[in-house]
Structure formats: structure tokens, C-alpha cells
Amino acid sequence: MNNFEFKNPTKIIFGKDTIAKLQNEIPQDAKVLLLYGGGSIKKNGIYNQVKSALEQFEVTEFGGIPANPEYAILLEALKVIKENNITYLLAVGGGSVIDGTKFLSAAAVYNGDTPWDILTKHIRTEKGMPFGAVLTLPATGSEMNSGAVITRKETQEKLAMGGPGLFPEFSILDPQVISSIPERQLANGLTDAFTHVLEQYMTYPIGASLQDRFAESILQTLVEVAPKVLKDPTDYQATSNFMWSCTMALNGLIQKGVPGDWAIHMMGHELTALFGIDHARTLAIITPSHYKYNFEAKKEKLAQYAERIWNITDGSTEDKAQAAIDKTEAFFHQLGIDTKLSEYTEKYEGTAEEIAKRFTSRGWKLGERQSLMPEDAEKIVKMSY
Ligand code: NZQ
Ligand code: ZN
């Protein structure tokens, strides 16, 4: 096991009817900016619950943060923060709203030329403007981590940022919010969380038995609840397990002491930046090809995953590893998710070369051994057509 340090300061408030508890978490004298997305919270009653919890607070609102939070729109919110002397941010939404809020938390205290620097110059935020979240969509884990991914349409870029100052102070997780989520987003959430675990698990054996079993238990739980959540998003038992699994998949715990890959996400982000494909679907496009291409390096963990998640016990390590890749792709299909780029766009020719070019200009080497070069990414993306 590798050495590690672990600190996660986010307070989780989990369970039925917990949104009202919001009022106990925000300082009484705060000037709050309530941030939300395209309006789903106004249809499903979450907005009303949040507003009544915030009755005694001075609240300004900023709605309209789109999926894949857009830099230009976030700059408008930054103006609102400055003009209204906002002191506390409250994200009410999924990963996009929470990530957008993290960017604002960082940008509100940033003194450089342009806040875009935070993304391009890898500026880590040690202390941002304080913020909390009411999660409306289980998927990204953003509610309990310190990372964010921001999109800039103008340049077709999608870049990551973070820092120890960007954990939410608290996140409220009421699984009842899941009842209004459309099937497409439920499938996305299951796929994203599943892939988050894979990114931190499907590397090489390092003797971290507990981390492996934490990771496997999240995968098993997601496989078990997936059909139930899709069939009935009001099934509290299934949705509560789904929600907590998504948080646990990316709150830092399972990454401690083990190598991490994350190349699937890096290639996937480019597909969202270029084609606007939902984040989770880009992962399902890349994952099978990535594991086929890096088969030798990953076959031992693939075989362990085959045995422990998919009950494949016959055959050699290679046989099991291959079967595991097939099972993973079949799982995505079972969720209704296509796994080929050509199923999302007709304009896929040239994509692999463009991504390799971008990775070269950024000097990126990816994967758990930092040995995946831009030309490897090019081949993997091509295999995903
Ligand atoms: O915008 P509204 O109208 O609210 O609708 C949203 C949006 O259209 C809707 N929705 C959310 N909660 C709902 C609901 N609809 C009905 N009922 C509810 N309760 O769902 C749509 C998608 O929302 P979004 O926040 O975009 O989804 P998700 O949570 O999947 O977030 C995706 C973003 O997070 C980033 C992705 O790259 C992408 O930009 N990620 C963030 C990570 C992190 N911070 O750790 C890690 C991930 O790997 C990922 O990269
Ligand atoms: Zn993800």
C-alpha cells in the first residue's frame, strides 16, 4: 500500500426530509447566493423546500447554470457575488451546479488577471468562499470532494480544477429528490459512479486489500440497485443506496494508498468538449477500448474484478479479464447507454487525432504509471469509434 494522508471536512446530512436542516449549517449573518441549474428544482418542489429553510437569511438567486457548467455564465454569477457582497454560496443541483459553485468559490477570492487562469495554470485553491450543497442528482461525488470540471464553449475546452479549500462545508443528501430524475440522468449517474470506482481500482495490484474491497462493495451495490432505481426512482431503499454509493465512489476514501488511472475521464472530457455528449456516456464510450488497449497492464485487476463482481471463476487470468471487459460493456448497455462514439455523432472522423494534438500541447502523460502518451490516447479513441 502507498503512503497517504486523508482529510475530508465535508459534513454529510443524509436522509428523508433533511433539506430543512439547511438553516442550521449557514452562518446567521451570511449573505447567501443560491445557485441552481435550468429549473428542475422549481418543478419538483426542491426550490420551495430550500426557500422555506432559508426564510431568515438574506438570499440572492442565480439560476441557469447549464449541464457542463459554462465559464461565460459563471462569470455573470461572479459579478452578482461582487455586486451584492455575497459571503456564502449554496449550490442546489447536480454535479454541474456544485462544480460551478466551486469555480465561483475559487474565483471570488482569486486576484490574478483572469479567473480562466485557475483552470489553465492549475491554480489550487487553499481557501475559497465558503459554500454548501443540496444534492439533487447522485452521480459525480462533487458533493463530498474538492474537484470541479468547467467548460468553455468559445474554445471547446473542458478543464478540471480543485484544491483543499474547495470541499463543500456541508452537503444535504435526501434520496427522495431522485424521484423526479429522468431515466437518462439516472443511467448517467449509475455509469459515472461505476466508472469513478473503476478509475481508482483497475490499475495494478498493490496489496491494498481494504481499499479493493471498499471499491468492490460500491461496484456490487451499484450493480444490485441499478435495475431497481431505473424501474422505480421512488424506491427509497434502492435510491438511498444508489445516492450513498455515488458519494463514496469519489470522496477520496477509495483512492487512498492506491494508484489511480483517470485516463478514461481525461479522454471523455474531450468528447464532451467537442460534441456535448453527456459526461457519463463519454466514459462508457472510452472504457471498453481503454481496457482492451491496456490489457497487459491491467489484466490482474480485471481478473479480480471478474471474479468478485461478475462471479467469473473459470479460465485463465486472461480469459477472466477479457470476460470482465465484456461484462462491463454489457452493464452499460443494460442501463441503456451506447458505447460507441459513432452512435452519438456522425462527425467522429478526426476526433482521435484532435484529442492527441490537445494532449500533446498540454504535455499530458496519463494513466496510473503516467505512461499513456498522446499517441496511445489516439489509438484508444479510434478503437471507440
Ligand atoms: O439543470 P436542471 O434543470 O436542474 O436539470 C438537471 C440537468 O439537466 C437535471 N436534474 C438534476 N437533478 C434533478 C434533475 N432533473 C430532475 N430532478 C432532479 N432531482 O439533470 C441534468 C444533469 O445535471 P448535471 O448536474 O449536469 O449532472 P451530473 O450530476 O451528472 O453532473 C455532470 C457534471 O459534473 C462533472 C461532469 O464533467 C459534468 O460537467 N463531473 C464532476 C466531478 C467532480 N466534481 O468530482 C467528477 C465527474 O467525473 C464529472 O467530471
Ligand atoms: Zn465522472
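Predicted model, so just to flag it, every value in this text is computed and none were measured.

Q: Requested: an account of the overall build of the chain, with residues and values cited.
A: Summing up its helical and strand segments, the chain has 14 helices and eight strands in all. Computed over the C-alpha atoms, the radius of gyration of the chain is 20 Å, within 12% of the 21 Å expected from 2.2 N^0.38 for a compact globule of 385 residues. Put simply, the chain has 385 residues, and 58% of those count as buried. Total accessible area computed for the chain in this model is approximately 16,100 Å², and 48% of it derives from carbon and sulfur atoms. On the chain, the mean spot of the 39 positive side-chain charges and the mean spot of the 48 negative ones are 2 Å from each other.

Q: An account of the site of ligand 1 is requested, with residue identities and associated values reported.
A: The environment of ligand 1 is made up of 33 residues, and the closest members are G38, S40, G95, S96 and K158. Within the backbone of G95, an N or O atom sits 2.7 Å from an oxygen atom of ligand 1. S96 is positioned with one of its side-chain polar atoms (N or O) 2.5 Å from an oxygen atom of ligand 1. If ligand 1 stood free it would expose 970 Å²; the protein chains cover 87% of that surface. Of all the secondary-structure elements, those providing two or more residues to the shell around ligand 1 are α4 (95–107), β6 (147–152), α6 (183–201) and α9 (263–275). In the shell around ligand 1, the residues fall into ten nonpolar, 20 polar and three charged.

Q: Break down the coordination of the zinc ion (ligand 2) for me, citing the residues and quoting the values.
A: Those donors, D192 (OD), H196 (NE2), H265 (NE2) and H279 (NE2), are the protein atoms that reach the zinc ion (ligand 2), and they lie 2.0 to 2.2 Å from it. Written as a sequence motif, the donor arrangement for the zinc ion (ligand 2) is D-x3-H-x68-H-x13-H. One end of the pair, H265, is in helix α9; the other, H279, is in helix α10 (residues 279–293), and 14 residues separate them in sequence. Among the residues examined, H265 registers a relative accessible area of 5% and is labelled buried.

Q: Break down the layout of surface pockets for me, citing the residues and quoting the values.
A: Over the atoms rolls a probe the size of a water molecule, and its path tells where empty space is left. The space that makes up the second largest pocket amounts to roughly 190 Å³. Forming the boundary of the second largest pocket are 14 residues, of which N68, T151, K153, T272 and G276 lie nearest the centre. Those elements that place two or more of their residues in the lining of the second largest pocket are β6 and α9. Here the residues of the lining of the second largest pocket are counted per class, giving five nonpolar, five polar and four charged.

Q: Explain the pattern of salt bridges residue by residue, including any values.
A: The full count for this structure, using the stated rule, is 20 salt bridges. A salt bridge links K299 to E318; the nearest nitrogen and oxygen atoms lie 2.8 Å apart. Taken together, the positions of K299 in helix α11 (residues 295–310) and E318 in helix α12 (residues 317–334) put the pair 19 residues apart, joining distant regions of the chain. Accessibility expressed as a relative area gives 15% for K299, which makes it buried. The partner of E354 in a salt bridge is K357, and the shortest N-O contact between them spans 3.4 Å. With E354 and K357 both in helix α13 (residues 351–361) and three residues apart, this pair spans about one turn of that helix. Using a relative accessible area of 24% as the deciding quantity, one classes E354 as partly exposed.

Thresholds, definitions, all that
Residues numbered from 1 in each chain as written. Chains lettered and ligands numbered in written order. Predicted model: local features only at pLDDT ≥ 70, side-chain atom pairs only at ≥ 80, totals over all residues. Heavy atoms only, no water. Helix = DSSP H or I, 4+ residues; strand = E, 2+ residues; numbered from the N terminus. Rg over C-alpha atoms; globule rule 2.2 N^0.38 Å. Buried < 20%, exposed > 50% of the residue type's maximum accessible area, 1.4 Å probe, protein only. Areas by Shrake-Rupley, 256 points an atom, 1.4 Å probe, with all protein chains shown as cover. Lys, Arg positive; Asp, Glu negative; His and termini not counted. Charge placed at Lys NZ, Arg CZ, Asp CG, Glu CD. Near = heavy atom within 4 Å. Polar contact = N/O pair within 3.5 Å; in protein donor to acceptor, adjacent residues only side chain to side chain. Nonpolar A, V, L, I, M, F, W, Y, C, P; charged D, E, K, R; others polar. Donors = N, O, S within 2.8 Å, 3.2 Å for Na, K, Ca; no water. 1 Å grid on protein atoms, 1.4 Å probe; cavity = no way out; pocket = protein on both sides within 12 Å on 5 of 7 lines; lining within 4 Å. Points joined across faces, edges and corners; volume = space filled by probe spheres on them. Salt bridge = Lys/Arg side-chain N within 4 Å of Asp/Glu carboxyl O.

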